[in-house]
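Architecture and fold: a report
Next come the chains, spelled out residue by residue.
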Amino acid sequence: MKIPVLYYHKIDYPKKDAVYKGLYVTPKQFERQVALLKLFGYDTVNPKEILSFVLGHKLPVKKPLLITFDDGYENNYLNAYPILKDAGFSSLIFISTGFIGKKNAISDEREKAKENFLNKSEIKEMFESGFFIGSHGINHYFLDRLEEGVLIGELIASKAYLENITGAPVDFFSYPFGAYNAKVMRAVKNAGYTGAFTTEKGKVGSGDNSYELKRIPVNGYNNIFNFLYKIFFLQ
Ligand SMILES: [Zn+2]
């Protein structure tokens, strides 16, 4: 058995000037996907349970699932959070702390469409209703291109900032742009994170490296068949 960990970015209708339209999954698509996951008997789990599974332990649920979001867009709160709550699902939201409460575009310099990012009170509210908060660094840098001091700063300060908002440990990290190497993994571990998610495509298996956890990308171009194919057949 392997665990699907889905990852999303924006749950919204694509902005007209957006270059990376695939990053938008519409609220309608998302609602349908959540309904299907529910129908097929999936239950969202605490990311700590994913880690315990990786380390060889059994999970309390038959069909475990983790839904994650990268970057920390406000549309996660406005559009995804109500749908997930209605379904009794949780999710893990990876936030780049330098963008909290701001409006910006972070995918790369070609992206013109600016988005609102989550503010502190939205983060706090989601955390208090059972959602999980992870770090996505401060500035959304390619971590494998940074010098040691800057790298460590990105990892430690973003963690502390989020812990200050939630009042709880932030144990998980996701690599901005999916960029990492052995040095980055070591730094993430040394900064006190217990696990990290990549953008490598696949499911999480027992015995995997806790700092190299695979995920399944979901984008706006996926129809319901592509979506189910990934959940059922991707290894
Ligand atoms: Zn990102």
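Notes on the structure follow. (Residues numbered from 1 in each chain as written. Predicted model: local features only at pLDDT ≥ 70, side-chain atom pairs only at ≥ 80, totals over all residues. Heavy atoms only, no water.)

Remarks on the pairing of strand E12 (residues 213-217)
For E12, a buried count of four out of five residues is recorded, marking the element as mostly surrounded by other parts of the structure. In the sheet, strand E1 (residues 5-8) pairs with E12 via two bridges, with the strands oriented parallel. Bridge assignment links leucine 6 to a residue of E12, and that residue is isoleucine 216. Across two bridges, the pairing between strand E11 (residues 195-201) and E12 is parallel. Looking at E12, one finds that lysine 201 is bridged to arginine 215. (Buried < 20%, exposed > 50% of the residue type's maximum accessible area, 1.4 Å probe, protein only. Helix = DSSP H or I, 4+ residues; strand = E, 2+ residues; numbered from the N terminus. Pairing = 2+ DSSP bridges.)

Regarding the coordination of the zinc ion
Protein ligation of the zinc ion involves Asp71 (OD), His136 (NE2) and His140 (NE2), the donor distances falling in the range 2.0 to 2.2 Å. Sequence spacing among the residues donating to the zinc ion works out to D-x64-H-x3-H. Pair noted here: aspartate 71 is in strand E5 (residues 64-71) and histidine 136 is in the loop between strand E9 (132-135) and helix H5 (148-166), with a separation of 65 residues, a long-range link. You can call histidine 136 buried: its relative accessible area is 1%. (Donors = N, O, S within 2.8 Å, 3.2 Å for Na, K, Ca; no water.)

Things to note about the pattern of salt bridges
Here the structure, examined in full by the defined rule, presents five salt bridges. Between lysine 159 and glutamate 163 there is a salt bridge, with its nearest N and O atoms 2.8 Å apart. Here glutamate 163 and lysine 159 lie together in helix H5, a separation of four residues that amounts to about one turn. Linked through salt bridges whose partners overlap, the residues forming this network are Lys10, Lys15 and Glu115. (Salt bridge = Lys/Arg side-chain N within 4 Å of Asp/Glu carboxyl O.)

Remarks on the packing of helix H1 (residues 27-39) against helix H3 (residues 74-87)
Running from N to C, H1 and H3 cross one another at 20 degrees; their axes reach a closest spacing of 10 Å. Here H3 runs roughly parallel to H1, going by the angle between their axes. Where H1 crosses over H3, the two elements pack in a sense that is right-handed. Residue-level inspection shows Pro27, Phe30, Glu31, Val34 and Lys38 of H1 in contact with H3, the latter providing Asn79, Ala80, Ile83, Leu84 and Ala87. For the contact of H1 with H3, a count of residues per class yields seven nonpolar, one polar and two charged. (Axes fitted to C-alpha atoms, helices over the stretch in contact; angles between N-to-C directions. Parallel < 35°, antiparallel > 145°, perpendicular 65-115°, else oblique. Left-handed = near helix turned anticlockwise from the far one by under 90°. Contact = heavy atoms within 4.5 Å. Nonpolar A, V, L, I, M, F, W, Y, C, P; charged D, E, K, R; others polar.)

Considerations on the nonpolar core
The biggest cluster of nonpolar side chains holds 51 residues, and the ones touching the most others in it are Leu6, Tyr8, Phe30 and Tyr175. Take this core: its biggest share by element is six residues, from H3. The residues touching tyrosine 8, leaving out its near neighbours within four places in the chain, are Val25, Phe30, Gln33, Ile67, Thr68, Phe69, Asp70, Val218 and Phe227. Grouped together as the second largest cluster of nonpolar side chains are 15 residues, Leu51, Val54, Phe94 and Phe197 included. (Core = buried A, V, L, I, M, F, W, Y, C linked by side-chain atoms within 4.5 Å.)

What to know about the packing of H3 against helix H4 (residues 120-128)
Their axes nearest at 9 Å, the elements H3 and H4 cross at an angle of 40 degrees. On the basis of the axis angle, H3 is oblique to H4. The handedness of the crossing between H3 and H4 is left-handed. In this structure, H3 contributes Glu74, Tyr77 and Tyr81 to the contact, and H4 contributes Glu122, Glu125 and Met126. Residue composition of the contact of H3 with H4, by class: three nonpolar, no polar and three charged.

A closer look at the environment of glutamate 74
Within the element layout of this structure, glutamate 74 appears in helix H3. The class of glutamate 74 is buried, set by a relative accessible area of 16%. When the C-alpha atoms of glutamate 74 and phenylalanine 132 are compared, they prove to be 15 Å apart, with 58 residues separating the residues in sequence. Those residues in contact with glutamate 74 that lie beyond four places of it in its chain are Asn116, Phe117, Leu118, Asn119 and Glu122.

So, the packing of aromatic side chains
Here the structure, examined in full by the defined rule, presents 16 aromatic pairs. On the numbers, 5.0 Å between centres and 80 degrees between planes, the contact of phenylalanine 40 with phenylalanine 232 is edge-to-face. One end of the pair, phenylalanine 40, is in the loop between H1 and strand E4 (43-44); the other, phenylalanine 232, is in helix H7 (residues 224-233), and 192 residues separate them in sequence. We classify phenylalanine 40 as partly exposed; its relative accessible area is 32%. (Phe/Tyr/Trp six-rings, centres within 6.5 Å; stacked < 30°, edge-to-face > 60°.)

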